Structures are given as structure tokens and as C-alpha cells.
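Read off the chains here:
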Amino acid sequence: MNPTTQHELRLAERMSRLGTETAFEVLNKARALERQGKKIIHLEIGEPDFDTPANVVEAGISALRKGWTHYGPSAGLPELRQAIAEDVSRSRSVKVTSDEVVVVPGGKPIIFFTLLALADVGDEVIYPNPGFPIYESMIHYLGAKAVPIRLREERDFSFDVNELASLITDRTRLIILNSPQNPTGGVLSKQDIHDIAEAIGDRNIMVLSDEIYSRLIFDGEHHSILSIPGFQERTILLDGFSKTYAMTGWRLGYGVMRPDLATHISRLMTNSNSCTASFTQVAGVEAISGDQTSVEHMRAEFQRRRDAFVAGLNRIKGFSCRMPKGAFYAFPNIKKTGWASKKLAETLLEQAGVACLSGASFGDFGEGYLRFSVANSLENLNQALLQIDEWTKKNL
Ligand SMILES: Cc1ncc(COP(=O)(O)O)c(C=O)c1O
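This structure is a prediction, so every number in the text was calculated from the model and none was measured.

### Looking at a nonpolar patch on the surface
On the surface, L9, L11, M15 and L18 cluster together to form a nonpolar patch covering roughly 390 Å² of accessible area. With respect to the element layout, L9 can be found in the segment before α1 (22–35). Residue classification places L9 among the exposed residues on the basis of a relative accessible area of 67%.

### Concerning the site of the ligand
In the vicinity of the ligand there are 13 residues, among which G107, D210, Y213, S242 and K243 approach most closely. The contact in question runs from an oxygen atom of the ligand to an N or O atom on the backbone of K108, over 3.0 Å. Take S242: an N or O atom from its side chain is 2.6 Å from an oxygen atom of the ligand. Given that more than half its atoms are within 2 Å of the pocket grid, the ligand belongs to the largest pocket.

### Looking at helix α11 (residues 341–352)
Taken as a whole, α11 has its buried residues at S341, L344, A345, T347, L348, L349 and A352. Contacts made by the buried residues of α11 are with α1, β10 (354–355), β11 (357–358), β12 (370–373) and α12 (378–395). Following α11 by one or two positions, G353 has its phi on the positive side, about 70 degrees.

### What about the sheet that holds strand β9 (residues 329–330)?
The three strands are arranged β9-β12-β11 in an open sheet whose pairing can be described as antiparallel. Of all strands in the sheet, those with a lone pairing partner are β9 and β11, marking the two edges. Across two bridges, the pairing between β11 and β12 is antiparallel. Residue pairing in the sheet places S358 in a bridge with L370 of β12.

### Here we look at empty space enclosed by the protein
Considering all chains together, one arrives at four cavities of 30 Å³ or more under this definition. Residue lining of the largest cavity: P128, L151, F157, S158, F159, I176, L177, N178, Q181, G186, V187 and L188, and that is the complete set. Ranked by residue count, the leading element in the lining of the largest cavity is strand β5 (residues 172–178), at three residues. The residue inventory of the lining of the largest cavity, partitioned by class, reads eight nonpolar, four polar and no charged. Taken as a whole, the second largest cavity spans an internal volume of roughly 70 Å³.

### A short note on the sheet that holds β5
Read from one edge to the other, the open sheet built from seven strands follows the order β2-β8-β7-β6-β5-β3-β4, with strand pairing classed as mixed. Looking at the sheet topology across the chains shown, the edges are occupied by β2 (101–104) and β4 (145–150). Looking at each pair of strands side by side, their axes are set apart by 20 degrees on average, direction ignored. In this sheet, strand β7 (residues 235–240) lies alongside strand β6 (residues 206–210) in parallel orientation, the contact comprising four bridges. Paired with L208 across the strands is I236, a residue of β7. Strand contacts of helix α8 (residues 259–272): β2, β6 and β7, with the helix running at about 20 degrees to β2, the strand carrying the most contacts.

### Points about the pairing of β7
Counting buried positions over the six residues of β7 gives six, a clear majority of the element. Residues T235, L237 and D239 point to one face of β7 and I236, L238 and G240 to the other, with burial holding for every one of them.

### Regarding the packing of helix α4 (residues 108–118) against α8
Close contact between α4 and α8 brings their axes to 10 Å; oriented N to C, the two are set at 115 degrees. Relative to α8, the element α4 is oriented roughly perpendicular. Taken as a pair, α4 and α8 cross one another with a handedness that is right-handed. Contacts from I110, F113, T114, L116, A117 and L118 in α4 reach L261, I265, L268, M269 and S272 in α8. Within the contact of α4 with α8, the residues separate by chemical class into nine nonpolar, two polar and no charged.

### Focus: the side chain of S266
By the secondary structure assignment, S266 is in helix α8. The class of S266 is buried, set by a relative accessible area of 12%.

### Focus: the pattern of salt bridges
Within the structure shown, the criterion is met by 21 salt bridges. R92 is the salt-bridge partner of D239, the closest N and O atoms lying 2.9 Å from each other. With D239 in strand β7 and R92 in helix α3 (residues 78–92), the pair connects residues that are 147 residues apart, well separated along the chain. For the pair shown, D239 and R92 are each scored as buried. Through salt bridges with shared partners, a single network forms among D49, E301, R304 and R305.

### Some details on the packing of aromatic side chains
This structure, assessed with the given rule, holds 14 aromatic pairs. With 5.7 Å between their ring centres and 80 degrees between their planes, Y213 and Y329 make a pair best called edge-to-face. With Y213 in the loop between β6 and β7 and Y329 in strand β9, the pair connects residues that are 116 residues apart, well separated along the chain. Since its relative accessible area comes to 3%, Y213 is described here as buried. By the ring-pair criterion, three or more aromatic residues cluster together here, those being F50, Y213, F302, F328 and Y329. The residue whose ring lies beneath R234 is F231, and the NZ or CZ to ring-centre distance is 4.1 Å.

Reading guide: rules and limits
Residues numbered from 1 in each chain as written. Predicted model: local features only at pLDDT ≥ 70, side-chain atom pairs only at ≥ 80, totals over all residues. Heavy atoms only, no water. Patch = residues over 30% accessible without salt bridge, like charges linked within 9 Å, V, L, I, M, F, W, Y side chains within 5 Å. Areas by Shrake-Rupley, 256 points an atom, 1.4 Å probe, with all protein chains shown as cover. Salt bridge = Lys/Arg side-chain N within 4 Å of Asp/Glu carboxyl O. Helix = DSSP H or I, 4+ residues; strand = E, 2+ residues; numbered from the N terminus. Buried < 20%, exposed > 50% of the residue type's maximum accessible area, 1.4 Å probe, protein only. Near = heavy atom within 4 Å. Polar contact = N/O pair within 3.5 Å; in protein donor to acceptor, adjacent residues only side chain to side chain. 1 Å grid on protein atoms, 1.4 Å probe; cavity = no way out; pocket = protein on both sides within 12 Å on 5 of 7 lines; lining within 4 Å. Sits in = over half its atoms within 2 Å of the grid points. Contact = heavy atoms within 4.5 Å. Pairing = 2+ DSSP bridges. Points joined across faces, edges and corners; volume = space filled by probe spheres on them. Nonpolar A, V, L, I, M, F, W, Y, C, P; charged D, E, K, R; others polar. Axes fitted to C-alpha atoms, helices over the stretch in contact; angles between N-to-C directions. Parallel < 35°, antiparallel > 145°, perpendicular 65-115°, else oblique. Left-handed = near helix turned anticlockwise from the far one by under 90°. Phe/Tyr/Trp six-rings, centres within 6.5 Å; stacked < 30°, edge-to-face > 60°. Lys NZ or Arg CZ within 6 Å of the ring centre and 35° of its normal.

Next comes the structure, spelled out in C-alpha cells:
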């Protein structure tokens with residue numbers, strides 16, 4: 001106990017079940033090494049290294065000057081909800097109206113609020129593993145039962161739909177899908193989505209479809225279960241501005257869901273954040289309705305880096321890496337190095353000066369893999385490859 005405190009900190013029991021995102025821990029560790037004078041190449045954090053497009057920044061500044069500095073409606077500004085409804089209607093080929101849209105500060109709150117609103121203690125929630133660690137963390141936190149579905153490298157990190165079918169029980173309340181996927185870069189194909197919909201059938205199971213990387217697809221097209229007839233009323237679509245428009249620090253995301261559920265998610269907003277920052281939302285209208293050139297520019301640049309980085313990883317002893325079809329991550333198999341993922345990630349940080357994440361920090365089925373973010377310059381990515389290659393030559 002801290003010697004200056006007089007009273008023991010008594011946390012609620014549920015806090016022992018709350019997980020975290022190791023990316024932030026690794027970043028702190030890397031920063032500490034940098035303070036000691038070490039040079040570190042940062043490939044751990046999942047955020048675009050680009051600046052927010054200038055038209056969006058200008059819209060944000062102008063909104064501040066015009067006084068968009070007050071509370072707004074909990075569910076979001078009507079203009080932004082309308083712009084999102086139109087965008088989602090177009091991109092997912094469904095009719096979405098603005099009362100089905102809830103604007104929140106980033107994509108993450110939609111995960112939290114959906115689970116809070118839908119999962120009771122003991123309810124089963126199926127989620128991808130390896131996967132975004134917040135899913136498992138929040139499921140555990142709420143006392144629901146976490147049911148992982150294994151993503152399989154041999155299927156380009158998709159899962160076996162028969163396995164999904166075998167995991168569905170009478171207690172299954174929610175299935176979480178994520179495509180393009182963090183950490184593997186896997187993408188669900190049209191066929192995958194149809195098979196998943198068929199496995200769910202007409203059961204009253206909700207689907208949280210995390211499509212935050214929907215605009216970052218390198219091969220093929222984005223497919224959403226929202227587009228499948230009969231699934232609109234059972235789907236909560238999560239998308240947002242963080243990755244598409246390099247707006248991670250603005251905190252702007254949204255959920256699209258049936259209006260009766262949207263009312264409840266808005267109530268959760270009223271109880272937690274009141275509303276998403278108003279000027280941020282005005283900038284969001286510009287992001288979604290304005291010039292999209294920068295989105296394509298960033299996508300093409302991530303693709304160029306992905307191609308170079310994955311080819312380089314495949315030349316490193318003990319590493320083999322599938323070509324990710326979306327998002328901005330590479331997820332190489334490192335089993336042939338003989339090292340455990342966490343140990344290898346820590347050692348590469350300390351001895352090779354490259355920060356990456358252990359696959360195991362994305363769930364048990366991530367053991368044997370590392371995650372690298374390619375949201376860094378090609379020059380730094382090539383330098384990281386050199387340093388890892390040198391380290392493996394010396395140590396493996
Ligand atoms: C799969 C996935 N979902 C949601 C999020 C959350 O995004 P945001 O920063 O908008 O909350 C992330 C961020 O890394 C992510 O990778």
C-alpha cells in the first residue's frame with residue numbers, strides 16, 4: 001500500500017475482471033526506453049500515422065469559432081446522424097434512417113454499450129480470438145460468459161462456420177464479428193457472411209459487427225452481415241472515424257441499430273458522456289460528406305507498406321506471414337523461432353529496438369504470433385525489418 005494513504009482501496013469485485021489493451025502498456029515501456037536514450041521504431045499502436053485531412057481540421061476549427069462548444073443531443077447531432085444514415089445505406093445496400101444511428105466518442109463505446117444493454121450475467125457471447133482485447137475484457141467485466149471462436153491461419157484468419165454453429169446454444173445472446181480484423185488483417189468474404197447468417201438462422205441472437213476498418217480493404221470488397229435480408233434488426237453495426245479519417249484523438253464513432261435499441265444506447269450515453277463533443281461532430285459531417293481523396297490516398301499507402309513489410313517478414317528466419325487483406329496490421333507466425341510470443345515481443349523491443357505486440361495479448365489463440373502495425377513510414381518499416389533480421393541471425 002502507498003505509505004501516504006490511510007485507507008485501503010476497496011474496489012468493486014468486477015474490477016478484477018476488467019482487462020486492458022497491451023498496446024498502451026508496450027507504448028509506455030517503449031517511451032521509458034526512449035527516455036534512456038534508446039531509439040525505438042513504433043509498430044505497436046493501431047492508429048494511422050497520417051494527419052487528419054485538412055478539410056476536416058478546418059471544419060473543426062470553424063465549428064469551434066462558431067460556438068459548437070455546448071451540449072448536444074445524446075444520440076448525436078441530427079446532421080451527422082443523417083449523413084451517417086445515408087453513408088451506411090449506400091455502403092451496405094440497406095435503408096438506414098437517422099433514428100437508427102447513435103453517435104458516440106469513438107468506436108469503443110459501442111462495444112461497451114452493446115454489451116451493457118444486451119448481455120446479462122451468464123449470457124454467452126461469441127467473439128473472435130485472437131481479437132480486439134476489449135471484447136473479452138468487457139464480456140468478463142459484465143459477468144457474461146466469453147465463448148471464443150478460433151480464427152485460423154490456414155483459412156486466412158477466418159473461422160470455420162461449422163465451429164460457430166457448434167458454439168451457438170440457447171444462452172447465446174450476442175455474436176461479435178470483426179472484419180477487416182484486428183489483429184490478423186483477415187477479411188470475411190461474401191460467402192463467409194452468408195454462411196454465418198445461415199448458421200445463426202432465425203434465432204433471436206444479436207450480432208455486433210465491428211467494421212471500424214471497413215474502408216481499409218486491399219483485396220476484394222467489404223461485406224457486412226447488415227446487408228443480409230433479415231439481419232438488419234439483429235445487427236449492431238460499429239463503425240467510426242478513427243481509422244478511416246485518421247481521427248483517433250477526436251473520439252468519434254457510431255453504432256447503427258434498430259431504433260428501439262438506439263433509444264436504450266442513447267440512454268447509456270446520457271448516463272455516461274451526455275453527448276459526443278459537438279465541434280467534433282460538425283467536423284465529422286465534413287469528413288463523411290466532403291472530399292474522400294485522402295481516404296483513398298491513405299488506403300493505397302497502407303497497401304504499399306503492407307506489401308513491402310510482409311515480403312520482408314517472410315525473409316526473416318522463423319517468421320512466416322500471410323498477406324492481410326485489410327486493416328493495417330501484419331500478424332506473422334513465429335512458432336518456428338521456438339520463442340513464446342510475449343517473450344519475443346519484449347526481447348525485440350529491448351534488444352532490436354522494435355516495438356510490436358504479442359499475439360497472445362489478443363487472446364489465447366494468438367499465441368505463436370506477433371502483431372506489427374504498418375502505420376509507420378516505409379523507411380521505418382524497412383529499418384525495423386533490418387533490425388529484427390539482424391537480431392534473429394545473432395540469436396536464433
Ligand atoms: C477492431 C477495433 N474495434 C474498435 C476499435 C476502437 O476504435 P476507436 O479508437 O474509434 O474507439 C479499434 C481500435 O483499435 C479496433 O481495432
